[in-house]
Amino acid sequence: MCTQLTMLLPVLALSAMVAMVEGTPKVLEVAGKNGCMKLMALVTKAGLKNALDMANDVTLFAPSDAAIDAIPDDVMEELSHNATLLQNVLKFHVVGQSKMAASLKNDELLPTLSGNLQLRTNIYKNGQVVTAEGSPVSKADLKASNGVVHVIDRVIYPLPTLNTPLFLTFDKDLNNLGYLAYQAKLIANLSEQSLTVFAPTNEAIEKIPGQEYNNLLMNITELTEVVTYHVVKGTVYSAGLDSDQMVTTLEGQKLHIIVKSGVVTVNGATVTTADISTSNGVIHVIDKILFPPKPRQFDVLIPILG
């Protein structure tokens, strides 16, 4: 009798484990129970529910209902009429690994179910803020039978399909900066991973007086300094900006960032559009071009006199 009971114990334990797993909801259901019902509806509409339910060891970065409500009407209209785009956007929110929040790293690139596109995570403010492509995680580590769910505050769109130089080149409001980067032979530098670019609009660059602009183009050293003065190493989305901080640029000098009443300024230039994801970082659009401070004559004379 004891021997039979001993033999049955592993079977009973396995049966209990199977029942427990079967009783645990999948990632999509877990998301729905945590304020993401509209995501469930979109996934079902896109015909992805069965595939997501069958997937194993995945991480779902689930936009909240409020995040989906915040999608602009024209974007929602496009997603509603373009099934392929909707599927790609939804699949980008799913990582093919089960990742608890504590295992996420700053500037980590994770493989998504959307082709070869990778999702970037960042950790800010001593671990208090975790983001996925800049979207803050509001609820973390919601366990499911086939992975884990992190609820995020913003839908990740557009997808980061282009690197920073290509984005600047093809964007109708930022291609002047793309041209300056090309003239300065900085395309390879701006293609490196984990960069933040404070990009002046075309209008801002066009305010440079004509002769001064021509002189800038003819002086590659100065042009390089101007362009790299807009670039910071490390991907810093708006969620990672502090109210008063200094950041070092690739040019070598620092930028002064101020966040006040929801408005971000960089050396006095206002950020007009934040958190544009690229495949190698983030772009924040600003309304002025920034020029690095030149050494004062007194500062230059000190080492000579010394």
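Just so we're clear, the structure is a prediction, and the values are computed from it rather than from any experiment.

Overall, mixed pairing links the seven strands, which are arranged 9-8-14-13-12-11-10 in an open sheet. The two strands at the open ends of the sheet, each matched to only one other strand, are strand 9 (231-233) and strand 10 (244-248). Each adjacent strand pair in this sheet contributes to an overall mean axis angle of 30°, direction not counted. Pairing of strand 8 (residues 195-200) with strand 9 involves three bridges; the strand directions are antiparallel. Note on strand 9: the bridge partner recorded for Leu195 is Lys233.

Our focus in this paragraph is the pairing of strand 14 (residues 281-286). Among the six residues of strand 14, six are classified as buried, and the element is accordingly described as predominantly covered. Of the pairings in the sheet, the one linking strand 8 to strand 14 comprises six bridges and is parallel in character. When the sheet's bridge partners are listed, Leu195 is paired in strand 14 with Gly281. Direction of pairing for strand 13 (residues 269-278) relative to strand 14: antiparallel, over a ladder of five bridges. By the bridge assignment for strand 14, Thr278 is matched with Gly281.

Right, let's get into the sheet that holds strand 7 (residues 147-152). Strand order in the open sheet formed by seven strands is 2-1-7-6-5-4-3, and the pairing between neighbours is mixed. Each edge of the open sheet carries a strand with a single partner, namely strand 2 (94-95) and strand 3 (108-111). Bridge count between strand 1 (residues 58-63) and strand 2: two bridges; the pairing is antiparallel. Paired with Leu60 across the strands is Val94, a residue of strand 2.

This part covers the confidence of the model for the protein chain. In this model, the protein chain carries a mean pLDDT of 92, and residues with pLDDT of at least 70 account for 89%. For the stretch residues 4-9, pLDDT sits under 50, and the model shows zero contacts to residues farther than four places along the chain or on other chains. Contacts from residues 11-21, a stretch scored under 50 in pLDDT, to residues over four places away or in other chains number one contact.

Our next topic: helix 3 (residues 37-45). Turning to helix 3, its buried residues are Leu39, Met40, Leu42 and Val43. Looking straight down helix 3, one finds its buried side chains confined to an arc of 165°; they lie on one side. On its buried face, helix 3 is in contact with helix 2 (27-32), helix 4 (49-54), strand 1, helix 5 (65-69) and helix 7 (83-92). One or two residues past the end of helix 3 sits Gly47, with phi positive at roughly 75°.

Quick notes on the rules
Residues numbered from 1 in each chain as written. Predicted model: local features only at pLDDT ≥ 70, side-chain atom pairs only at ≥ 80, totals over all residues. Heavy atoms only, no water. Pairing = 2+ DSSP bridges. Helix = DSSP H or I, 4+ residues; strand = E, 2+ residues; numbered from the N terminus. Axes fitted to C-alpha atoms, helices over the stretch in contact; angles between N-to-C directions. Buried < 20%, exposed > 50% of the residue type's maximum accessible area, 1.4 Å probe, protein only. pLDDT = per-residue confidence, 0-100. Contact = heavy atoms within 4.5 Å. Arc of directions from axis to C-beta.

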